[in-house]
Every structure is written in structure tokens, then in C-alpha cells.
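Single-letter residue listing:
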Amino acid sequence: QVQVVESGGGSAQAGGSLRLSCVASGSSISIGRMGWFRQRPEQQREKVAWIDSSGSTNYHASVEGRFTISRTNAENTVWMQMNTLESEDTAVYFCFAETTSNRHYWGQGTQVTVSS
């Protein structure tokens, strides 16, 4: 069993910054990709950013150049620095962890609110 726990988030003004972090833990786990999805009010969950164990990253077009994802493999920890926040970034952000056996685990979600 893998537990995924997020921290960070909160409120910021438009143009400001926030940082999210996430830890995946469990016995004898091997984590491949980790990253973040978000769900805006009345919209479907969408992929925001993810990073694999080699450090390769991928971003949704709307956050490219503003968000940066990073990780430490040894601790199965991922961070996402969110800069130049926009009101459209307001959402619940969910961390996900994918094991090397292609199982997916999710965090409980953390609210990010950006006011203009």
C-alpha cells in the first residue's frame, strides 16, 4: 500500500507564488512518475505537471514557464513551485504517484485559491 500526502497550497494574490509538496510512502515501493493534477470548479480533473524518475518533466500548456516540478527519488518527494499565479489556477490540486508496476495512488487534495 502506498500513501500519498500533500502539503502546501493556500491563498495568494494574482502574480504571487505558492509551493506544493508531496511524499509517497510505503514498504518496498518503487515509484516511477509523480506529479500533479488539478480540478477546477465544475470541471474535470486535468494533468498539470509530472516528472519521471530520470527527471524528465512535462507540463500542461497553461502552466508552462510558470510552474516548476522537481523531485528527490530517494525520498519519493515531489515539489511544484507555482509562480505568476492566475485566478484560473484556482483549483484543488491532487498529487499522484505511479509505481513501476503501473499502479496509481492519489493524495487527498489541497486547495489553491488565487484572488485577482
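Anything mentioned here points back to the structure above.
Residues numbered from 1 in each chain as written. Predicted model: local features only at pLDDT ≥ 70, side-chain atom pairs only at ≥ 80, totals over all residues. Heavy atoms only, no water.

Just give me the short version of the environment of A74, but keep the residues and values in it.
As for its placement among the helices and strands, A74 is situated in the loop between β7 (67-72) and β8 (77-82). Look at A74 and you get exposed, because its relative accessible area is 80%. Residues A74 and I31, spaced 43 residues apart in sequence, show a C-alpha to C-alpha distance of 9.8 Å. (Helix = DSSP H or I, 4+ residues; strand = E, 2+ residues; numbered from the N terminus. Buried < 20%, exposed > 50% of the residue type's maximum accessible area, 1.4 Å probe, protein only.)

Which residues make up the environment of F96, and what values go with them?
Residue placement: F96 occurs in strand β9 (residues 91-99). Looking at F96, the relative accessible area reads 4%, which means it is buried. Each C-alpha atom, one on F96 and one on G35, is 5.5 Å from the other, the two residues being 61 residues apart in sequence. The contact partners of F96, leaving out residues within four places of it in the chain, are R33, M34, G35, W36, F37, A49, W50, Y105 and W106. (Contact = heavy atoms within 4.5 Å.)

Account for the sheet that holds strand β3 (residues 18-25), with residues named and values stated.
With antiparallel pairing, four strands are arranged side by side in an open sheet as β1-β3-β8-β7. Strands with a single pairing partner mark the edges of an open sheet, and in this sheet they are β1 (3-8) and β7. The sheet shows a mean angle of 15° between the axes of neighbouring strands, direction not considered. Of the strand pairs in this sheet, β3 and β8 are connected by six bridges, and their pairing is antiparallel. Opposite C22, over in β8, you have V78 as the bridge partner. (Pairing = 2+ DSSP bridges. Axes fitted to C-alpha atoms, helices over the stretch in contact; angles between N-to-C directions.)

I'd like a description of the pairing of β9, backed by residues and values.
Within β9, eight of the nine residues are buried, leaving the element largely enclosed by the surrounding structure. Looking at chain direction, strand β4 (residues 31-39) and β9 are connected through seven bridges and run antiparallel. Across the sheet, the residue bridging to Q39 is V92, located in β9. Two elements, β9 and strand β11 (residues 110-115), share three bridges in a ladder whose sense is antiparallel. The residue of β11 that forms the bridge with Y93 is T110. Counted along the chain from β9 to the antiparallel partner strand β10 (residues 104-106), the turn is four residues long, and its residue N102 has a positive phi close to 65°.

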